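Below, each chain spelled out in residue letters.
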Amino acid sequence: MFSFQNPAGLLLVLLIPLFYILRKFKILNQTVIYAVLGDWEGKYFEWHGSLRKFVSALIKLMIGAGFILSVIAFADPVISTQEKVYTSLGNDIIFVVDTSPSMAAKDIDGSTRIDAARNTITSLVQNYEGFRYGIVALGSNASVLVPPTAVSSAFTKKLGEIQVGMMGNGSAIGDGLSTAVCHLASSKAPKKCIILLTDGENNAGEIHPQTAAKLAADNNITLYIVGIGTKGRISIEYTDYATGKLYSGYLESDFDSNQLKKIAELGQGRYFEVQTVDELGRSLSSVVKNEAVSQSFTYKTTSTSYYQKLIFIAMILFAAAAFIKRVILQEYIPFRLKPSLILRSVFQILAFVMLCIAHTGISWGTYLAPVQKNSTAVSMVFDISNSMLAHDEADRKSRLEASRVYAKKLLSRMDGTSVSVVLAKGEGITAIPLTEDFAMVDSLLEVMNPGLMTAPGSSLGKGVLAAKESFPQNFSSAGRIWIFTDGEETDGTLQNAISECTKYGIPVSIIGFGGEDESQILAGDGKTIVYSALRTDKIEKILESIHEKSKSFKNKTPVIFAKASDVGTASKLLSQISKNGENTQIVSYEARPVPRYKFFLILAFILLSASFFAAEFDLKYFGQKKAGSVLMIFAMIAALGITGCSNQNSNAEAVEKESRQERKLFGTTDSTKVLLGTYEWHKKNYRKAVAMYLSVVEKSDDEEKNQTLNYSLYDLATAYSMSGEENAALERYSQISSDAPQIVRYNAYYNAGIIAHNQGNFDSASEYFRKALEIDNTRLEAKINLELSIQMTEAQSRQNESEILPTHEEKEHNQDLENTVFQHIKENDKKQWKNSESNQQQNLSEDY
């Protein structure tokens, strides 16, 4: 959607007709340069140089077009797009991809089977957002490459890395399915499913596919199997993953469809057989549609500004006009007009310089902008440098072991919270993207050691920046970063990295491990002895510097440091996240730069106007008194456009000013915001309305502001409801106080009842409608909806009674078998992490 951020700035176009009016009334006298006799030919001010006349008119047109483009740029044109941001869970899907050599057969529309599978899955993920996707690769054994995650970039990156033969030459279908079940079993998603893409039979591994299918059914996981490829003699060519040797030849393809179909039936799913890309795409789409669940979502508005492009075009037009005028036409400057024309040129050059500065998008200063999130997510950054191997924790544990134990205890109380894991050594890498699959996190923690990364040194800053990037831009959860470290770093980047996180409203917590006294450790070369300790003073100095820079902000992003051994540290960390993963409205504050380009555009307009006045205004002819009046009128008309320039800058400066001092004139400011919110609501710009109401609610805490607060809460809840955020609306309705006006309380309860009824929560709906009738028992609509809700509650109760679950004996499955299989999978996960350890010898004494 196209719009202007500063539409009042378009009034500056009125300067063009204003100048012509001033010339018409002889207030400004157009500079006249008499032509030479050769052009004049004795006629009264006629010029027969038609080409020159055309070029002269073209110059005026170019200058006018440049000025109009500059005015449009001043009005800040933007194109806004809206992206869906899901605020509730969709289903979890794990793709189990066969990587055996037979998947290199080229019989799927000229592509190999594995390429067709990879490309189709990528398209599917792009088209169906709001789900969490994971990947398991199977060959002679199986490994989870990506746990179920909503971070599509991490998923597609790993998917693109899948190669034929990467997991060996066999097809351990049972192990692959069991691995997927293990990593889905604890998921809280409303639906869970596994999609197996294979072209062969189970010929490797330790777990039978039918056993895996039964485990999936027992854990309410639906199993879909896609048999991919044609049957018969097919050409094949692939490069061996381990040796790099090229193999080519023919494959006799004849997989057992009946066996795959039986496995799918045991997993309460379906079997598909595909031989083309279209068939594969339709099969996967039908699975995703079948598994889809109702999700709540909101919209994130992204605006792209085009002022820089417009200013650039205007600069070209002005420069071209000046070049033609001075170089091609070689404009003649009479001696008597030389001073005023030189002054005009100086003003025009300065105006052009101001345009150049504006084009750079110059900004200085920052302001805090509120950003609304609906839950929390945590990125755990683990320092795995050699200094963390010092044994100075309780019971002679190493710092790394202590951080592992501490993190596991935190995870046990973070049910429903998405977690990512970042490893920091000489570099920072995201080992596990945001996921609720704590089994995957646990398997990494068990084998975490410096050997997992080859980069020497300790760069905590790079780890923090990797953690920041693990939160996608359109992620609906508020990010938190927890750093488990001893504070030793070799590149000094921690302070800048934390400052960068605070700009994006991401709180950072540093949990210190180790003793204050120096401990002896070995550097990366295994010989050099160095001394290390918990660098408390250094960390506190960094945080003090960060707090000093942000002290002018009222709503600054918290950055804390605490020793793991201190009482209450874990409670401080856990207080930062939503309880049991519940959706809670969270407002964080991002530091954003204050754009200043409009200031330089104003200067450009003033200098350009001054250039005409310098050359054409005649004080002797018009008189001092009238000249002052004209200048006053000109300034007032120019102010019509200039006042609009403050829309963007003033908003930023206002927030910045509010962070330095509390406003005393509360009522006037917030009443205006409520009116603006109502205006945006009627325009159906619900996100902007929410922002206006939210800014009022955030500050309305005093007794004298209760009236404003109640109305703002009601308006905010209604805006939430209209934008699809029903849970947020219910929360805001519940915050309206009992002393609010009767009409506000009635409408709040009534609207809450409608929302609860639409969500199928008929008990709550009945209660809301009862409370509405207690306030006003004459309202017929509330009585009707109360009766409907009571009837739906009774019908739902009868349905539940008729759907009595089977007896425990009928439902019972072999728990011991499940535990044994899951334990096997977890051990295999640990083995995969260990296999990623570097065997490269590090002979660096600085690696600690």
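Residues numbered from 1 in each chain as written. Predicted model: local features only at pLDDT ≥ 70, side-chain atom pairs only at ≥ 80, totals over all residues. Heavy atoms only, no water.

A.B. asks: Give me the overall build of the protein chain: which residues, what numbers.
C.D. replies: Scanning the protein chain from terminus to terminus reveals 30 helices and 23 strands. Looking at the protein chain as a whole, 48% of its 848 residues qualify as buried. Of the contacts made within the protein chain by residues no fewer than 6 positions apart, 79% connect residues no fewer than 24 positions apart. By element, 54% of the accessible surface of the protein chain is carried by carbon and sulfur atoms, the whole surface being about 41600 Å². (Helix = DSSP H or I, 4+ residues; strand = E, 2+ residues; numbered from the N terminus. Buried < 20%, exposed > 50% of the residue type's maximum accessible area, 1.4 Å probe, protein only. Contact = heavy atoms within 4.5 Å. Areas by Shrake-Rupley, 256 points an atom, 1.4 Å probe, with all protein chains shown as cover.)

A.B. asks: Can you explain the packing of aromatic side chains? Please cite residues and give values.
C.D. replies: Scanning all chains against the criterion turns up 17 aromatic pairs. Ring geometry for Phe 95 against Tyr 133: centres 6.1 Å apart, planes inclined by 20 degrees, an arrangement best described as stacked. On the criterion of sequence distance, the pair formed by Phe 95 in strand 3 (residues 92-98) and Tyr 133 in strand 6 (residues 132-138) is long-range, its members being 38 residues apart. Pair check on accessibility: Phe 95 and Tyr 133 agree, each one buried. Of the aromatic side chains, those joined through ring pairs into one cluster are Phe 95, Phe 131, Tyr 133 and Phe 155. Stacked on the ring of Tyr 250, the Lys or Arg Arg 233 has its end atom at 4.4 Å from the ring centre. Its guanidinium or amino end placed over the ring of Tyr 504, Lys 468 lies 4.3 Å from that ring's centre, counting from NZ or CZ. (Phe/Tyr/Trp six-rings, centres within 6.5 Å; stacked < 30°, edge-to-face > 60°. Lys NZ or Arg CZ within 6 Å of the ring centre and 35° of its normal.)

A.B. asks: Break down the packing of helix 14 (residues 460-469) against helix 15 (residues 494-503) for me, with residues and values.
C.D. replies: The interhelical angle for the contact between helix 14 and helix 15, taken along N-to-C directions, is 20 degrees, at an axis separation of 7 Å. Viewed along their axes, helix 14 and helix 15 adopt a mutual orientation that is roughly parallel. Where helix 14 crosses over helix 15, the handedness of that crossing is left-handed. Every residue of helix 15 that contacts helix 14 at Leu 460, Gly 461, Val 464, Leu 465 and Lys 468 is listed here: Leu 494, Ala 497, Ile 498, Glu 500 and Cys 501. (Axes fitted to C-alpha atoms, helices over the stretch in contact; angles between N-to-C directions. Parallel < 35°, antiparallel > 145°, perpendicular 65-115°, else oblique. Left-handed = near helix turned anticlockwise from the far one by under 90°.)

A.B. asks: Now, about the pattern of salt bridges: what can you tell me, with residues and values included?
C.D. replies: One pass over the structure, following the stated rule, counts 22 salt bridges. The residue Lys 408 makes a salt bridge to Glu 446 at a minimum N-O spacing of 1.8 Å. Here the residue Lys 408 occupies a position in helix 12 (residues 399-411), and Glu 446 occupies one in helix 13 (residues 438-447), the gap between them amounting to 38 residues. On the basis of relative accessibility, which here comes to 25%, the residue Lys 408 falls in the partly exposed class. Residue class for Glu 446 comes out partly exposed when judged on its relative accessible area of 31%. Here Asp 776 makes a salt bridge to Arg 779, at a shortest N to O gap of 3.7 Å. Among the residues examined, Asp 776 registers a relative accessible area of 16% and is labelled buried. (Salt bridge = Lys/Arg side-chain N within 4 Å of Asp/Glu carboxyl O.)

A.B. asks: Just give me the short version of the nonpolar core, but keep the residues and values in it.
C.D. replies: Met 380, Phe 382, Met 414, Trp 482 and Phe 484 are the most contacted members of the largest nonpolar core, which totals 64 residues. Every residue in contact with Met 380, bar those within four places of it in the chain, is listed here: Ala 407, Leu 411, Met 414, Val 419, Ser 420, Val 421, Val 422, Trp 482 and Phe 484. Counting 38 residues, the second largest nonpolar core, distinct from the first, contains Leu 18, Leu 317, Met 354 and Leu 355. (Core = buried A, V, L, I, M, F, W, Y, C linked by side-chain atoms within 4.5 Å.)

A.B. asks: Outline helix 15, listing residues and values.
C.D. replies: Within the span of helix 15, buried status applies to Leu 494, Ala 497, Ile 498, Ser 499, Cys 501 and Thr 502. Of the residues one or two after helix 15, Gly 505 is the one with positive phi, at around 70 degrees.

A.B. asks: Provide a residue-level description of unusual backbone geometry, including the pertinent values.
C.D. replies: As a rule of thumb, non-glycine residues mostly have phi less than zero, and peptide bonds are mostly trans rather than cis. We note that Gln 268 has phi near 60 degrees; this positive angle belongs to a residue other than glycine. By the element assignment, Gln 268 lies in the loop between helix 8 (257-266) and strand 12 (271-274). Positive phi values are uncommon outside glycine, yet Asp 395 reaches one of about 60 degrees. Relative to the assigned elements, Asp 395 resides in the loop between strand 15 (375-383) and helix 12. Classification of Asp 395 as exposed rests on a relative accessible area of 71%.

A.B. asks: Got a sec to walk through the packing of helix 4 (residues 113-127) against helix 9 (residues 277-291)? Specific residues and values, please.
C.D. replies: Two elements in contact, helix 4 and helix 9, have axes separated by 10 Å at closest approach and are oriented at 40 degrees. It follows that helix 4 is oblique to helix 9 by the angle criterion. Between helix 4 and helix 9 the crossing geometry is right-handed. Judged by residue contacts, Ala 116, Ala 117, Thr 120, Ile 121 and Leu 124 of helix 4 engage Val 277, Leu 280, Gly 281, Leu 284, Ser 285 and Val 288 from helix 9.

A.B. asks: Would you mind going over a nonpolar patch on the surface in detail, with residue names and values included?
C.D. replies: Where nonpolar side chains cluster on the molecular surface, the patch consists of Leu 51, Phe 54, Leu 58 and Leu 61 and spans about 440 Å² of accessible area. Within the secondary structure, Phe 54 is located in helix 3 (residues 50-74). (Patch = residues over 30% accessible without salt bridge, like charges linked within 9 Å, V, L, I, M, F, W, Y side chains within 5 Å.)

A.B. asks: Break down empty space enclosed by the protein for me, with residues and values.
C.D. replies: Applying the stated criterion across every chain, the model contains one cavity of 30 Å³ or more. Reported here for the largest cavity is a volume of approximately 50 Å³. What lines the largest cavity is Asp 92, Arg 132, Pro 148, His 183, Ser 186, Ser 187, Thr 435, Glu 436 and Asp 437. Residues that form the lining of the largest cavity fall into these classes: one nonpolar, four polar and four charged. (1 Å grid on protein atoms, 1.4 Å probe; cavity = no way out; pocket = protein on both sides within 12 Å on 5 of 7 lines; lining within 4 Å. Points joined across faces, edges and corners; volume = space filled by probe spheres on them. Nonpolar A, V, L, I, M, F, W, Y, C, P; charged D, E, K, R; others polar.)

A.B. asks: So what about the pairing of strand 8 (residues 192-198)? Which residues, and what values?
C.D. replies: Among the seven residues of strand 8, seven are classified as buried, and the element is accordingly described as predominantly covered. Burial along strand 8 is two-sided: the face carrying Lys 192, Ile 194, Leu 196 and Thr 198 and the face carrying Cys 193, Ile 195 and Leu 197 are both buried. Inspection of the sheet shows strand 3 paired to strand 8 by six bridges, in the parallel sense. For Ile 94, the partnering residue across the bridge sits in strand 8 and is Ile 194. Sheet analysis places strand 8 next to strand 9 (residues 221-228), joined by seven bridges and oriented parallel. (Pairing = 2+ DSSP bridges.)

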